[in-house]
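A structural walkthrough
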Amino acid sequence: MIKWADVIRFTNKGNPTPDKRVEKSEEEWKQILTPEEFQVTRLKGTERSFSSELCSLFDPGIYACKCCGTILFDANEKFESGTGWPSFTQPLKENAIAYHADKSYGMIRVEVVCNTCDAHLGHVFPDGPEPSGLRYCINAVSLNKIKE
Ligand SMILES: [Zn+2]
């Protein structure tokens with residue numbers, strides 16, 4: 001299980017190696033993503049809070065990266081954070097997600113990206129539910145829900 005100390009270690013010392021890499025040009029991503037998906041995933045945008053029905057959806061299933069299809073989260077780890085963004089307390093696999101320091105907007109936060117294709121997903125915070133204590137705050141447009 002990943003805890004905040006691991007998040008800090010990955011952010012400062014380097015991320016786990018992904019199973020594979022997917023790399024495309026900006027033009028190639030534009031062709032397969034909607035403008036909003038492109039804005040959020042490739043240009044590190046943020047969707048409006050409470051803009052997606054995914055926030056209050058708690059059916060079983062798996063959430064994959066919108067860009068490359070890599071499996072990122074299990075619905076079992078999803079919880080109601082009240083923030084208006086889908087929130088998870090743990091990724092499905094330790095090496096599915098990469099962590100980067102984000103010093104934009106005068107804050108120091110930890111950005112989370114898809115470790116396979118570098119899609120911006122959102123941020124992770126140390127105020128989630130136990131036992132991990134983590135809250136992955138994720139843009140719904142960065143995710144695809146897959147039925148099991
Ligand atoms: Zn991806």
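This brings us to the side chain of serine 132. With respect to the helices and strands, the residue serine 132 is situated in the loop between strand 7 (120–125) and strand 8 (135–138). At 2.8 Å, the side chain of serine 132 and the backbone oxygen of threonine 89 are in polar contact. There is a polar contact of 3.1 Å between the side chain of serine 132 and the backbone nitrogen of leucine 134.

Moving on: helix 3 (residues 35–43). For helix 3, the full list of buried residues reads Glu37, Phe38, Val40 and Thr41. Where helix 3 is buried, its residues meet helix 2 (26–32) and strand 7.

Bringing the packing of aromatic side chains into the picture now. For the coordinates displayed, the defined rule picks out 5 aromatic pairs. A centroid spacing of 5.2 Å and a plane angle of 70° characterise the contact between tyrosine 63 and phenylalanine 88, whose relative ring orientation is edge-to-face. Here phenylalanine 88 lies in strand 4 (residues 87–88) and tyrosine 63 lies in strand 1 (residues 62–65), a separation of 25 residues in the sequence. Measuring from centroid to centroid gives 5.7 Å for phenylalanine 73 and tyrosine 136, while their planes differ by 65°, and the two rings are edge-to-face. Of this pair, phenylalanine 73 sits in strand 2 (residues 71–74) while tyrosine 136 sits in strand 8, and the two are 63 residues apart along the sequence. In this arrangement the basic side chain of lysine 24 is found over the ring face of tryptophan 29, its NZ or CZ atom lying 5.7 Å from the centre.

Parameters at a glance
Positions within a chain are numbered from 1, following the residues in the order the chain's sequence is written. For a predicted model such as this one, the threshold for reporting local features is a pLDDT of at least 70, and the threshold for listing and counting side-chain atom pairs is 80 or more; totals across whole chains, interfaces and linings nevertheless cover every residue. For the side-chain quantities, the full set of heavy atoms in the structure was used; hydrogens and water were omitted. Going along the chain from the N terminus, every DSSP run of H or I of four or more residues is numbered as a helix, and every run of E of two or more is numbered as a strand. Here a polar contact means two N or O atoms within 3.5 Å. Within protein one must be a hydrogen donor candidate and the other an acceptor candidate, and residues neighboring in sequence count only if both atoms are side-chain atoms. Accessibility here uses a 1.4 Å probe with only protein chains present; expressed as a share of the type maximum, an area under 20% marks a residue as buried, one over 50% as exposed, and anything in between as partly exposed. It only takes one pair of heavy atoms within 4.5 Å for two residues to be counted as in contact. The criterion for an aromatic pair is that two Phe, Tyr or Trp rings (for Trp, the six-membered ring) have centres within 6.5 Å, with stacked assigned to planes under 30 degrees apart, edge-to-face to planes over 60 apart and tilted to the rest. Both a distance and an angle decide whether a charge sits over a ring: NZ of Lys or CZ of Arg must be within 6 Å of the ring centre and within 35 degrees of the ring normal.

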